[in-house]
Amino acid sequence: MKTLYKFMLVSLTGFAISCSDYLDTKPVSFTTIDNFYKTPEDIEIALRGCYGRLVSSYAVNSRSGLFFVGDIGTDELVGNPYSTPDAGSNMDQFIFGRVVKTNLMARDLWENMYRSVYAINLLLSKLDEVSMNEARREQVRGEALFLRGWHYLYLGMVYGGVPVYTTVPHEKDKARDPLQRVMEQALADLQFAYEHLADTHVAGAANRWTAAGYLTKLYCYLAANKKYEVGKQLNFPLNSFDWVDTDAYYREAKQLADELITASGYRLAADYRSLFSEGSTAEQAKEILLTVLPSQENKTGFAPTFYLFPVGYYGGGWGTCRPTQEVYDRYDTLYDARVHWVVGGLGTDPGTETIDGNSYVKPLPLNLSDGVAYDGDYNVTKLRAVSSAVRNTDFYFGHYPLLRLADIYLLNAEATAHLEGDEAGREILKPVRSRALIQTHTNDVTVLQSAYRRSDFIQELLDERSRELCFEQQRKFDLVRFGRYVTTIQGISTTRGVWNSLTARILIDNISESKIWLPIPEEDEISNPNLLPNNPGY
């Protein structure tokens, strides 16, 4: 963390966002704290700066970070040998499952996360010194603690046990805290936010229900890791889940999910496509609980060009990573509309389609032989940019979903199945599957309930999570927490599907249980030996 301590208040530079809609994105910058944190306006600027840092905390340079950790090197995405991986983030190591502790992206993600935690802790340390409306002070405290809890949730999921800081300055030589301490801090911060934040829906900001959603997510993550004894064979107590009460955590998750689904005012968007169509922000706001709002003027936000846009001049994607055959195989292609949206042919033809009144490039049809994608056109087509002559920016200007209601339904199904049985859990999947139906073929959800039924409900749930949430930075965390990370990767076909046959073998040969967590960056363990020992395998 050597660069962390060079942190100056200028690192709070973020999006100067209006209180009403968080959309006025003028940068703010200041270099000392002596003349700052004096007025309520200063507090608001600092809070907006903390929100502004979510882009770098999530995606480092707008296109790597959790986009790499959550998706690349899973059974959803493999490498494209005809495209050059990003050298500046050691992308090839994620593609081939051989991340090492000198990995540049793992280092940058760690640094950005802790810069953000510092900014949040600095704000919290100054909050009570400013004369301001008390109700607003508590709202700011709740939002800041939400953001800190969000960071510790992901730090724990990505790195395991890490140093936990709640005050400033941060100790330069602090040792790693056990994973239990990290996740209990995340739970406490998120719980405070849940209890103190307002219900108001403001795109780009946290509210009570955003906190409830992440509490649900974290309770399920911890409960599953304990239930399936994740990491046991690594014999590394620092990252142990032995402290988790599986039944209690699933009860907490279910209670929160039930309340969120019934009382929050969020609902599933009517059309799955709207969630990923750049111009459909009104529809996206109905379902998305947390997003990072972009700025077209300043060209800021997420730029997930490595794999989420259709490949080609009109689609805007680079195709550095491509979907596995397994992604396509999970869908009932006759009745499930999602498959015809998330993967397809190239975005090299200026043909268009209209969604919510906006025109979009329509990818070419997918070339298949007996259900197998046999040529190099097969690519991810989940994000769509509003049609233009040629896509001339890397950024996506819709509301990219960091958390959405469909995920809460799926987490609720998981918790319910554990507490009440598989059939009860399966029933909760119906709203998500109903939306997925191709209405011109059927509106009877029992068709998909039957087609997707598995005797192993956890496998059925994992399949459904992939169908609904593929390429949304969920897959690795899902496979890990159910104890199926290694076996799933080992089960990827090396002969079925064009991209599988080209690159899957290297990933399979490199996968091991030690890849559950990323390494503590080598630069940081050298500058602070108290961070040792590193995670197993590094």
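Residues numbered from 1 in each chain as written. Predicted model: local features only at pLDDT ≥ 70, side-chain atom pairs only at ≥ 80, totals over all residues. Heavy atoms only, no water.

Participant: Help me understand the packing of helix α6 (residues 134-159) against helix α7 (residues 179-196) in this model?
Facilitator: Packed helices, taken two at a time, are described by the angle their axes make and the gap between the axes. One can describe the packing of α6 onto α7 by two numbers: an axis separation of 7 Å at closest approach and a directional angle of 150 degrees. Here α7 runs roughly antiparallel to α6, going by the angle between their axes. Relative to α7, α6 is oriented so that their crossing is left-handed. (Axes fitted to C-alpha atoms, helices over the stretch in contact; angles between N-to-C directions. Helix = DSSP H or I, 4+ residues; strand = E, 2+ residues; numbered from the N terminus. Parallel < 35°, antiparallel > 145°, perpendicular 65-115°, else oblique. Left-handed = near helix turned anticlockwise from the far one by under 90°.)

Participant: Explain the packing of aromatic side chains here, please?
Facilitator: Here the distance between the centres and the angle between the planes together describe a pair of aromatic rings. Summed over the entire model, instances satisfying the criterion amount to 26 aromatic pairs. For the pair Tyr114 and Tyr165, a centre-to-centre distance of 5.8 Å together with 85 degrees between the ring planes defines the contact as edge-to-face. Of this pair, Tyr114 sits in helix α5 (residues 104-127) while Tyr165 sits in the loop between α6 and α7, and the two are 51 residues apart along the sequence. Plain terms: the ring middles of Phe395 and Phe397 are 6.5 Å apart, the flat faces sit at 20 degrees to each other, and that makes the pair stacked. One exposure class covers both Phe395 and Phe397, and it is buried. Taken together through their ring pairs, the aromatic side chains of Tyr58, Phe67, Trp150, Tyr154, Phe302, Tyr400 and Phe477 make up a single cluster. The ring of Trp209 is capped by Arg208, whose NZ or CZ atom sits 4.7 Å from the centre of that ring. Looking at Arg467, its charged tip hangs above the ring of Tyr452, at a distance of 3.4 Å from the centre. (Phe/Tyr/Trp six-rings, centres within 6.5 Å; stacked < 30°, edge-to-face > 60°. Buried < 20%, exposed > 50% of the residue type's maximum accessible area, 1.4 Å probe, protein only. Lys NZ or Arg CZ within 6 Å of the ring centre and 35° of its normal.)

Participant: Please clarify how unusual backbone geometry should be interpreted in this entry.
Facilitator: When glycine is set aside, most residues are seen to have a negative phi, and most peptide bonds are trans. With an omega of 0 degrees, the peptide bond running from Val168 to Pro169 counts as cis. With respect to the helices and strands, Pro169 occurs in the loop between α6 and α7. For the bond from Leu532 to Pro533, the omega torsion is 0 degrees, close enough to zero to count as cis. For Pro533, the location among the structural elements is in the segment after α21 (522-527).

Participant: Can you walk me through the pairing of strand β6 (residues 358-361) in this structure?
Facilitator: Taken residue by residue, a regular strand's side chains alternate between the two faces of the sheet. In this sheet, β6 lies alongside strand β5 (residues 352-355) in antiparallel orientation, the contact comprising four bridges. If you follow Thr354 over to β6, its bridge partner there is Ser359. The turn linking β5 back onto β6 is made up of two residues, and Asp356 within it adopts a positive phi angle of 50 degrees. (Pairing = 2+ DSSP bridges.)

Participant: Any chance you could explain empty space enclosed by the protein here in plain terms?
Facilitator: The gaps left among the atoms become clear once a water-sized probe is rolled over them. A complete count under the given rule lists six cavities of 30 Å³ or more for this structure. Taken as a whole, the largest cavity holds about 130 Å³ of empty space. What lines the largest cavity is a set of 16 residues, among which Phe94, Gly97, Val99, Lys476 and Tyr485 lie closest to the centre. (1 Å grid on protein atoms, 1.4 Å probe; cavity = no way out; pocket = protein on both sides within 12 Å on 5 of 7 lines; lining within 4 Å. Points joined across faces, edges and corners; volume = space filled by probe spheres on them.)

Participant: What is the right way to look at helix α9 (residues 246-263) in this model?
Facilitator: Note on helix geometry: an α-helix contains 3.6 residues per turn, so any two residues three or four positions apart are oriented the same way. Compared with an ideal rise of 1.5 Å per residue, which puts 18 residues at 26 Å, α9 spans 26 Å between its outermost C-alpha atoms and is within 8% of the ideal. Downstream of α9 by a residue or two, Gly265 has a phi angle that is positive, lying close to 90 degrees. (Expected span 1.5 Å × (residues − 1).)

Participant: Can you walk me through the layout of surface pockets in this structure?
Facilitator: Here the largest pocket is characterised by a volume of approximately 560 Å³. Arg273, Ala337, Val339, His340 and Trp341 are the residues nearest the centre of the largest pocket, which is lined by 28 residues in total. Within the residue set of the lining of the largest pocket, elements represented by two or more residues are α12 (339-342), β4 (343-344) and α15 (430-436). A breakdown of the residues in the lining of the largest pocket according to their chemical character gives 15 nonpolar, six polar and seven charged. (Nonpolar A, V, L, I, M, F, W, Y, C, P; charged D, E, K, R; others polar.)

Participant: Would you explain the pattern of salt bridges in this entry?
Facilitator: A side chain of one charge can pair with a side chain of the opposite charge when the charged atoms of the two come close. For the structure on display, the rule yields 48 salt bridges. Close ionic contact of Arg426 with Glu423 constitutes a salt bridge, the shortest N to O distance being 2.6 Å. With a gap of three residues between them, Arg426 and Glu423 both fall in helix α14 (residues 422-428), about one helical turn apart. Under the relative-accessibility criterion, Arg426 is labelled buried at 4%. The class for Glu423 is partly exposed, based on a relative accessible area of 44%. With a closest N to O distance of 2.6 Å, Glu464 and Arg467 form a salt bridge. With Glu464 and Arg467 both in helix α17 (residues 457-469) and three residues apart, this pair spans about one turn of that helix. Of the residues examined, Arg467 reaches a relative accessible area of 3% and is grouped as buried. (Salt bridge = Lys/Arg side-chain N within 4 Å of Asp/Glu carboxyl O.)

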